[in-house]
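Residue-level structural notes
Chain by chain, the residues:
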Amino acid sequence: MTAGPPGRPSLRIPLALAAAAAAVYLAAASSRDFWAPDEPDFAQAVREMLERGSLLLPYQNGVPYSEKPALYYWAMAATTPFTGFDVHPAALRLPSVLACAALVLGAAWLAGRRGGPREALVAGAATATAPLVFWQGQFVQIDAFFTALLFWAFVSQLMVEEDPGRASRWVWAFHLLLPLAVLTKGPLAVVLTGLVALVRVALLRSWKPVTGLAPLRGAAVFVLLVVPWYVAAARAGGPEYAYDLVVNQNWNRFFHAFDHIQPWWFYLEKVWGDFSPWMLPALAAPFTLAQAGRLRERGELRFALTVALAVFLFLSASESKQGKYLLVAYPFAAVLLSAGVTEWERRAGRGLAFLRGYVAFLAVVLVAGAVALFPVAGRRFPGFAHLVPFVAAPLALGAAGTLLVLFRRRREAAPALLALAATLGASEAAAARAVFPAVDVLKTGRPFYERIRPLVGGSQPLAYFGGTYRSYAILVLRRRTAWCRTEEELAAWLEKNPSGHVLADRSETERWTHPALAGLRVVDRQPVGGDVAQLLAR
């Protein structure tokens, strides 16, 4: 079976897969409160934007919050009219839900354009159920929103050449998507799209990948959309805000990282979990496709491989690394995977046997894992043992169904891959609705903050102690606090506010040595994550 010529494929399969993925992500998004560390910070920044009556800058505890530009905050703020103009977990997660659904849509559409419905199904299902995509699709974090804009900017780059009849529309799409991505996470989008364009210039020995994008007009659109906000934000936030936004969060984070510092080989390990269980066949697919000549025949496969490799190598050169930074590579890896599956089925040789054996092995592992969950949870997490059936049942039943599909469709692999994806999707949905709510209090400690609100919820003096400010406390208490980063600062604050209260984790207080802090006693406490949140007073 050979892939057909490019055309205008039906959107039915991509839209159906995107809708199914969005339903799973939304189920998770609506099942819990804001989880530390990032979600409360973003939520509080949006709330303070609304309280100030200005959307120009996000704020945290009354101070400009320079973590990233403003577009993602605007997207979250746009959901608040549906929740009484206040922040709500499910509503604020909608941009992430829709962003990851857009990745599923794009992977299925790009794969199906030449590969047909089967490749569309495999690429979309693999993208939708990848652990990193599922997590980012139901989490208040900037990366899913940024990745969706960047992914479709990449697709627009490709389609300028692949769809000449509508090239001008794709050029305009690129000109709009790129500035929006910059307004979401900064100039990284320009660097990555520019890098891919230059790599393709070198490979094609032609400047068409650059000139075809009408760069002068694109630069004018970019300046018109991006520069006004950066100028206004720098003036409103001041020099320190501008430096952190432009230099520290971009240049310094890449070359002189101050957090998430990892070795160069970090992503070589991380991809296996983040794109599990699709990583192994996705790595094997390009070799098969190159051998069969499919990379020469299908421009979208060459482009997908170029993007995945360029993003991987460039981000590996950065000192600061997190798995979510590679999110944009996975829909393209899924496109390569789907084409590889088609080629392995067409050849009906060792490749197909390998893939079927791999899927069978995964199904057996999932059945064994589902059975093992019962004794493991009973010993290590007895308080949550009652939740095991909600996760084990879809795993075991789905894996058994996958084995049955393998047995009945012996000359194919795609149906079994889709059965495996359905198993993973059902398990993710079950975990979202059963496990997430059960661990919510342990992750947030909300009852603790609700208990102490009568003591500190008004204008009473309240200090927050810690090297990094986290917003969950002020989000629930609906008030700001003093922020003391060192023991000396806290001692000075207590001298001025002898009747004040202090919020500090037990791991912090156990290291205190300042004599002025010895008289603080615990008023209330509660385990939160791997620590204990505490309210202290003299």
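Since we're looking at a predicted model, the values are computed, not measured.

**Focus on the packing of helix α17 (residues 350-380) against helix α18 (residues 388-408)**
- Closest axis-to-axis distance for the α17/α18 pair is 9 Å, and the angle between their directions is 155 degrees. Looking at the two axes, α17 sits roughly antiparallel to α18. The way α17 lies across α18 gives a crossing that is left-handed. On α18, the residues that touch R356, V359, A360, A363, V364, L366, V367, A370, L373, F374 and A377 of α17 are V388, P389, V391, A392, L395, A396, A399, A400, T402, L403 and L406.
- Of the residues that constitute the contact of α17 with α18, the class distribution is 20 nonpolar, one polar and one charged.

**Quick word on the packing of helix α7 (residues 142-162) against helix α8 (residues 167-185)**
- Closest axis-to-axis distance for the α7/α8 pair is 8 Å, and the angle between their directions is 155 degrees. One element, α7, and the other, α8, form an angle in the roughly antiparallel class. Considering the relative orientation of α7 and α8, their crossing is left-handed. Contacts between α7 and α8 involve I142, D143, F145, F146, L149, W152, A153, V155, S156, Q157, M159 and V160 from the former and A167, W170, V171, A173, F174, L177, L180, A181, T184 and K185 from the latter.
- Its residues assigned to classes, the contact of α7 with α8 shows 17 nonpolar, three polar and two charged.

**Thoughts on the sheet that holds strand β4 (residues 482-484)**
- The strand order β4-β3-β5-β7-β6 describes an open sheet built from five strands, whose pairing is mixed. Single-partner strands in this sheet number two, and they are β4 and β6 (521-528). The sheet shows a mean angle of 25 degrees between the axes of neighbouring strands, taken without regard to direction.
- Bridge count for strand β3 (residues 462-465) against β4 is three bridges, and the pairing is parallel. In the strand pairing of β4, F465 is matched with C484.

**Things to note about the side chain of E300**
- In this fold, E300 is placed in helix α15 (residues 299-316).
- Side chain to side chain, E300 and R298 meet in a polar contact 2.7 Å long.
- Those residues in contact with E300 that lie beyond four places of it in its chain are L110, R114, L158 and E162.

**Regarding the pairing of strand β5 (residues 501-505)**
- When you tally the buried positions in β5, you get four out of five residues, the bulk of the element.
- Bridge analysis of β5 against strand β7 (residues 531-537) gives five bridges, and the strand direction is antiparallel. Counterpart to D505 in the pairing with β7 is A533.

**What about α7?**
- Over its 21 residues, α7 extends 30 Å from the first C-alpha to the last, a length consistent with the 30 Å expected when each residue adds 1.5 Å.
- For α7, a buried count of 20 out of 21 residues is recorded, marking the element as mostly surrounded by other parts of the structure.

**Quick word on unusual backbone geometry**
- With omega at 5 degrees, the peptide bond leading from A36 into P37 counts as cis.
- Mapped onto the elements of the fold, P37 is located in the loop between α1 (12-29) and α2 (38-52).
- For the bond from S276 to P277, the omega torsion is 0 degrees, close enough to zero to count as cis.
- Among the structural elements, P277 can be located in the loop between α12 (266-274) and α13 (279-291).
- Positive phi, normally seen in glycine, also occurs at H260, with a value near 50 degrees.
- When you line up the elements, H260 lands in the loop between α11 (215-255) and α12.
- Note on H260: relative accessible area 33%, which makes it partly exposed.
- Its identity is not glycine, yet A348 carries a phi of approximately 55 degrees, on the positive side.
- Tracing the backbone through its elements, the reader meets A348 in the loop between α16 (329-347) and α17.

Criteria and thresholds
- Residues numbered from 1 in each chain as written.
- Predicted model: local features only at pLDDT ≥ 70, side-chain atom pairs only at ≥ 80, totals over all residues.
- Heavy atoms only, no water.
- Axes fitted to C-alpha atoms, helices over the stretch in contact; angles between N-to-C directions.
- Helix = DSSP H or I, 4+ residues; strand = E, 2+ residues; numbered from the N terminus.
- Parallel < 35°, antiparallel > 145°, perpendicular 65-115°, else oblique.
- Left-handed = near helix turned anticlockwise from the far one by under 90°.
- Contact = heavy atoms within 4.5 Å.
- Nonpolar A, V, L, I, M, F, W, Y, C, P; charged D, E, K, R; others polar.
- Pairing = 2+ DSSP bridges.
- Polar contact = N/O pair within 3.5 Å; in protein donor to acceptor, adjacent residues only side chain to side chain.
- Buried < 20%, exposed > 50% of the residue type's maximum accessible area, 1.4 Å probe, protein only.
- Expected span 1.5 Å × (residues − 1).

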